[in-house]
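# Topology and contacts: notes
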Amino acid sequence: MTTFVELLLGGLSIGSVYALIALGFVVIFKATEVVNFAHASLLLAGGYVTAVLHDDIGFWPALLVGIAGAATVGAGIEFFVMRRYRGSDQSVLAIVTIGVDILLITELTRRMGTDVLALGDPWGNEVVSVGGITLAQTRIAAFLAAGLLITVFLLAFRYTSWGVSMRAAAENPQTAALMGIKLGRVSLAAWAVAGALAAVAALFLTVFPTPGLERATSLAALKAFPAAILGGLDSTTGALAGGLIVGVTESLATGYQSDLSFLGRGIGDLAPYLVMVAVLLIRPAGLFGTKELARV
């Protein structure tokens, strides 16, 4: 029972980090109806800046610069690349993001080489033990930080003028534009917010018990993609639910791998995608996604 509780808590913690990444997918999709496959490069960029600077200026300033840097990269992608293709089919824009991701990942991995970079976090390898249940402090910090950021985002999305503009643009961009909402600013802000969230997620994906930031860290965005899909690409609430589901599923499948040996190795990496497919078979729009109705 202790093992199950530890795996469950660890899954909720890493799931909250996946929710941050999934929220980035959702924010951009709601603002532009584009699936952003360059999200992995935003995550790696934020983590890289933090890792490079923390020895010189300290962890917290480096983290802030990393968040700002990833937000700037996201905004730059929107302004210099995506805006040039405005009006194109969404599938074309999605392919463009793949090209951008390849360019950025290639440059970042060239700079990193084979090194594993530490981000200098203050938690180290400290753990907390309560009632025989042991959990790394980094996992607790990840859950609390992700919960705070998601709460702030949802409140801003609900009550601020930016949130109202984004909801209006997502509902009907033509009408929103006629009402004076500047769609370019909404899109730019969405990409910047997605980059900032990815930078925070990069921190908690690379601290203990993982060795640090490496080239494969960007692949975590691929684990968060099922979270965004099964929750619903147009639902911010779905991103949260999907991230927690993916995190818990991955944690339990990895923790009980020996009992699931008949399914083969690596079931923990495959489990989130199996859950995604199972959910989509029942609800094609995702758990909280909006069904599109067409009059025939």
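Relevant structure appears above.
A brief look at the structure comes next. (Residues numbered from 1 in each chain as written. Predicted model: local features only at pLDDT ≥ 70, side-chain atom pairs only at ≥ 80, totals over all residues. Heavy atoms only, no water.)

Let's shift gears to the overall build of the chain. If you tally the helices and strands in the chain, you get eleven helices and two strands. Along its sequence from the N terminus, the chain presents helices and strands in the succession α-α-α-α-β-β-α-α-α-α-α-α-α. For the chain, whose C-alpha radius of gyration is 19 Å, the value lies close to the compact-globule estimate of 19 Å for 296 residues. With respect to the three principal axes, the spread of C-alpha positions in the chain is 60 × 50 × 35 Å. Each of the 296 residues in the chain was classed as buried or not, and the buried ones make up 46%. Separation between the mean location of the 17 positive side-chain charges and that of the 18 negative ones in the chain comes to 12 Å. (Helix = DSSP H or I, 4+ residues; strand = E, 2+ residues; numbered from the N terminus. Rg over C-alpha atoms; globule rule 2.2 N^0.38 Å. Buried < 20%, exposed > 50% of the residue type's maximum accessible area, 1.4 Å probe, protein only. Lys, Arg positive; Asp, Glu negative; His and termini not counted. Charge placed at Lys NZ, Arg CZ, Asp CG, Glu CD.)

Moving on: the environment of G10. Residue position: G10 is located in helix α1 (residues 2–32). What makes G10 buried here is its relative accessible area of 14%. A C-alpha to C-alpha distance of 9.9 Å links G10 and E250, two positions 240 residues apart in sequence. The contacts of G10, once residues within four sequence positions are left out, are L135 and S251. (Contact = heavy atoms within 4.5 Å.)

What follows deals with the pairing of strand β1 (residues 127–130). Both β1 and strand β2 (residues 133–136) contribute to a ladder of four bridges, which runs antiparallel. Along β2, the bridge assignment pairs V128 with L135. (Pairing = 2+ DSSP bridges.)

Along the chain, the position of H39 falls in helix α2 (residues 39–57). One polar contact links the side chain of H39 to the main-chain carbonyl oxygen of I21, over a distance of 3.3 Å. If we ignore the near neighbours within four places in the chain, the residues touching H39 are I21, G24, F25, A194 and A198. (Polar contact = N/O pair within 3.5 Å; in protein donor to acceptor, adjacent residues only side chain to side chain.)

A separate point is the nonpolar core. I21, L203, F204, L205 and L213 are the most contacted members of the largest nonpolar core, which totals 72 residues. Counting residues per element, this core draws most heavily on α1, at 13 residues. Sequence-distant contacts of F204, that is, excluding residues within four places in its chain, are made with V17, W123, T138, R139, A141, A142 and A145. (Core = buried A, V, L, I, M, F, W, Y, C linked by side-chain atoms within 4.5 Å.)

Bringing the pattern of salt bridges into the picture now. Oppositely charged side chains are able to pair whenever their charged atoms sit close together. Considering all chains together, one arrives at five salt bridges under this definition. Two residues, R111 and E107, come together in a salt bridge whose shortest N-O distance is 2.9 Å. Of the two residues, R111 and E107 both sit in helix α4 (residues 90–112), four residues apart, roughly one turn of that helix. Residue K223 is joined to E250 by a salt bridge in which the shortest nitrogen-to-oxygen separation is 2.8 Å. Here K223, found in helix α9 (residues 220–231), pairs with E250, found in helix α10 (residues 236–255); they are 27 residues apart in sequence, far enough to count as distant. One salt-bridge network, in which partners are shared between bridges, spans E107, R110 and R111. (Salt bridge = Lys/Arg side-chain N within 4 Å of Asp/Glu carboxyl O.)

What follows covers α9. Three or four residues apart is the spacing at which side chains of an α-helix point the same way, because the helix has 3.6 residues per turn. End to end, α9 covers 17 Å across twelve residues, agreeing with the expected 16 Å (1.5 Å per residue, within 8%). Here α9 lies mainly inside the structure; nine of its twelve residues are buried. All of the buried residues in α9 are A220, A221, A224, P226, A227, A228, I229, L230 and G231. On the buried face of α9, the contacting elements are α1, α2, α8 (183–206), α10 and α11 (267–282). Positive phi appears at G232, one or two residues downstream of α9, with a value of about 115°. (Expected span 1.5 Å × (residues − 1).)

For the bond running from F208 to P209, omega is 10°, close enough to zero to count as cis. Inspection of the secondary structure assignment puts P209 in the loop between α8 and α9. We note that E33 has phi near 60°; this positive angle belongs to a residue other than glycine. Judged by relative accessible area, E33 falls into the partly exposed class, the value being 42%.

A few words now on the packing of helix α6 (residues 161–171) against α8. Where α6 contacts α8, the axes come no closer than 10 Å and their chain directions differ by 110°. With respect to α8, the element α6 is oriented roughly perpendicular. Packed against α6, whose contacting residues are W162, S165, M166 and A169, the element α8 presents L183, V186, A189, A190 and V193 at the interface. Considering only residue class, the contact of α6 with α8 consists of eight nonpolar, one polar and no charged. (Axes fitted to C-alpha atoms, helices over the stretch in contact; angles between N-to-C directions. Parallel < 35°, antiparallel > 145°, perpendicular 65-115°, else oblique. Nonpolar A, V, L, I, M, F, W, Y, C, P; charged D, E, K, R; others polar.)

Quick look at the environment of F204 now. Mapped onto the secondary structure, F204 falls in helix α8. For the pair formed by F204 and A146, sequence separation is 58 residues and the distance between their alpha carbons is 9.5 Å.

Purely geometric stuff here, so don't read any function into it on its own.
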